[in-house]
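The lines below spell out each chain.
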Amino acid sequence: MAELVREELSALGAIFCGPGEWEVLSRSETDGTVFRILTRAEGFMDADIPLRLVFHLPVNYPSCLPGIVVNSEHLTRAECEIVKEKLLEQAETLFSEPMVHELVLWIQQNLRHILKRPEAGGGSEKCTSAASTTVDDGLWMTLLHLDHMRAKTKYVKSVEKWASDLRLTGRLMFMGKVILILLQGDRNNIKEYLILQKTCKVDVDSSGKKCKEKMISVLFETKVQTEHKRFLAFEVKEYSSLDELQKEFETAGLKKLFSEFVLRLVK
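Keep in mind that what you see is a predicted model, and the values were worked out from it rather than measured.

Quick notes on the packing of aromatic side chains
Two numbers describe a pair of aromatic rings. These are the distance of the centres and the angle of the planes. Summed over all chains, the structure comprises 5 aromatic pairs. Taking the centre distance of 5.8 Å and the plane angle of 80° together, the rings of W162 and Y193 count as edge-to-face. Here Y193 lies in helix α5 (residues 187-199) and W162 lies in helix α4 (residues 152-165), a separation of 31 residues in the sequence. On the accessibility criterion, W162 (7% relative accessible area) is buried. On the basis of relative accessible area, Y193 is assigned to the buried category, the value being 0%. Taken together through their ring pairs, the aromatic side chains of W22, F35 and F55 make up a single cluster. Here the guanidinium or amino end of K152 rests over the ring plane of F174, the centre of that ring lying 4.1 Å away. For R187, the ring lying beneath its charged end belongs to W140, and the centroid distance is 3.7 Å.

Below, the structure is given as structure tokens:
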């Protein structure tokens, strides 16, 4: 990690030192650093709006722009996307220099102006609502396959925490030696989940040393359709038979995907 980035992360940790304001989600020499900042910005009628900002600093940052995910229980999905776009536009003006603190200060000062613009007024679905009854561009579903879990208890807790932090719903499914993770939520949040899954030392190797997940595969990714069930929570479930697992997929409106992607794992 470049010294410039180390200094910026250290400064951010000192600035956002209140309870829950700052959390590093993952660090990797190959994939960069992902962290979360909880802050507040002035919205309509001088009311403070809580913002959850997730930044991904690639290894060549600040020579490239950071990845940004915006969530807030007080904003619609459309508004969250507008805020992200405006942050990225502002980031372009700070190109090649540490910029995260500047971006947070900027959104604190400008959120109310962004929200008053016409393009930020569409839609009524909250950013954090994964149980919508209508389909929108932000709601996606991904099925992941894990080869094994040696440190199962720790691994499961990590998966549950990441899903909760990123407001993803779905299932962690065990059926014999088959391990599947079905995620549903904002597409950017799913991408952030995959970064965590691949960069954190979440399991142990055959000698008991902590290791990263190297044997994960994305079986499919799709926008949630009208026939798909909206999961209200993230649950860990064990299935005693293939029929039981198949029923879970059929109930979720995923019968075809089960036939195409899951059956081949048990043949």
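Read on for the rest.
Let's talk about the pairing of strand β3 (residues 48-57)
Burial within β3 is extensive, with 8 of its 10 residues counted as buried. Across 10 bridges, strand β2 (residues 32-42) lies against β3 in antiparallel orientation. From the neighbouring strand, T33 faces β3, where its bridge partner is L57. In this structure, β3 lies alongside strand β4 (residues 67-71), joined through 5 bridges in antiparallel fashion. By the bridge assignment for β4, R52 is matched with N71.

As for the sheet that holds β4
Spatial strand order, β1-β2-β3-β4: 4 strands in an open sheet with antiparallel pairing. Each end of this open sheet is capped by a strand with a single partner; those strands are β1 (22-28) and β4. Geometrically, the sheet is characterised by an average inter-axis angle of 20° between neighbouring strands, direction not taken into account. Here α5 sits on the sheet and contacts β1, β2, β3 and β4; the angle it forms with β1, its principal contact strand, is near 60°.

Focus on the pattern of salt bridges
Inspection of the entire model under this criterion finds 14 salt bridges. Between R36 and E23 there is a salt bridge whose closest N-O contact spans 2.2 Å. Of this pair, R36 sits in strand β2 while E23 sits in strand β1, and the two are 13 residues apart along the sequence. Notably, a salt bridge pairs E73 with R167, separated by 3.5 Å at the nearest N-O pair.

Here we look at the side chain of Q197
In this fold, Q197 is placed in helix α5. By relative accessible area, Q197 is classed as buried at 0%. Side-chain polar atoms of Q197 contact the side chain of Y193, separated by 2.7 Å. Beyond its immediate chain neighbours, meaning those up to four positions away, Q197 contacts L146, Y155, V159, W162, I181, V202, E213 and I216.

As for the confidence of the model for the protein chain
Per-residue pLDDT for the protein chain averages 84, and the proportion of residues at 70 or more is 90%. This stretch, residues 122-126, has a pLDDT under 50; its non-local contacts, to residues over four places away or in other chains, come to 14 contacts. Segment residues 128-137: pLDDT under 50, and 25 contacts once partners within four positions in sequence are set aside and those in other chains are kept.

Reading guide: rules and limits
Counting of residues starts from 1 at the beginning of each chain's written sequence and follows it residue by residue. The predicted nature of this model means local features are confined to residues of pLDDT at least 70 and side-chain atom pairs, given and counted, to a pLDDT of 80 or more, with totals for whole chains, interfaces and linings taken over all residues. The basis for every side-chain value is the complete set of heavy atoms in the structure, and neither hydrogens nor water enter the calculation. Stacked, edge-to-face and tilted are the three classes for Phe, Tyr and Trp ring pairs, Trp counted by its six-membered ring, which pair at centre distances within 6.5 Å; planes under 30 degrees apart are stacked, over 60 edge-to-face, the rest tilted. Helix and strand assignments follow DSSP, with helices taken as H or I runs no shorter than four residues and strands as E runs no shorter than two, numbered in order from the N terminus. Partly exposed residues are those whose accessible area sits between 20% and 50% of the maximum for their type, while under 20% is buried and over 50% is exposed, using a 1.4 Å probe and protein chains only. For a ring to carry a charge above it, either NZ of a lysine or CZ of an arginine must fall within 6 Å of the ring centroid while also lying within 35 degrees of the normal to the ring plane. Only strands joined by at least two bridges in the DSSP assignment are considered to pair. Fitted lines through C-alpha atoms give the axes, limited to the stretch in contact for helices. The angle between two N-to-C directions lies from 0 to 180 degrees. Working rule for contacts: check all heavy atoms of both residues, and any pair within 4.5 Å makes them a contact. Any Lys or Arg side-chain nitrogen located within 4 Å of an Asp or Glu carboxyl oxygen qualifies as a salt bridge. Contacts described as polar in this section are N or O atom pairs within 3.5 Å, which, within protein, must combine one atom able to donate a hydrogen with one able to accept it, while residues neighboring in sequence count only if both atoms come from side chains. What pLDDT reports is the predictor's confidence in each residue, on a scale of 0 through 100.

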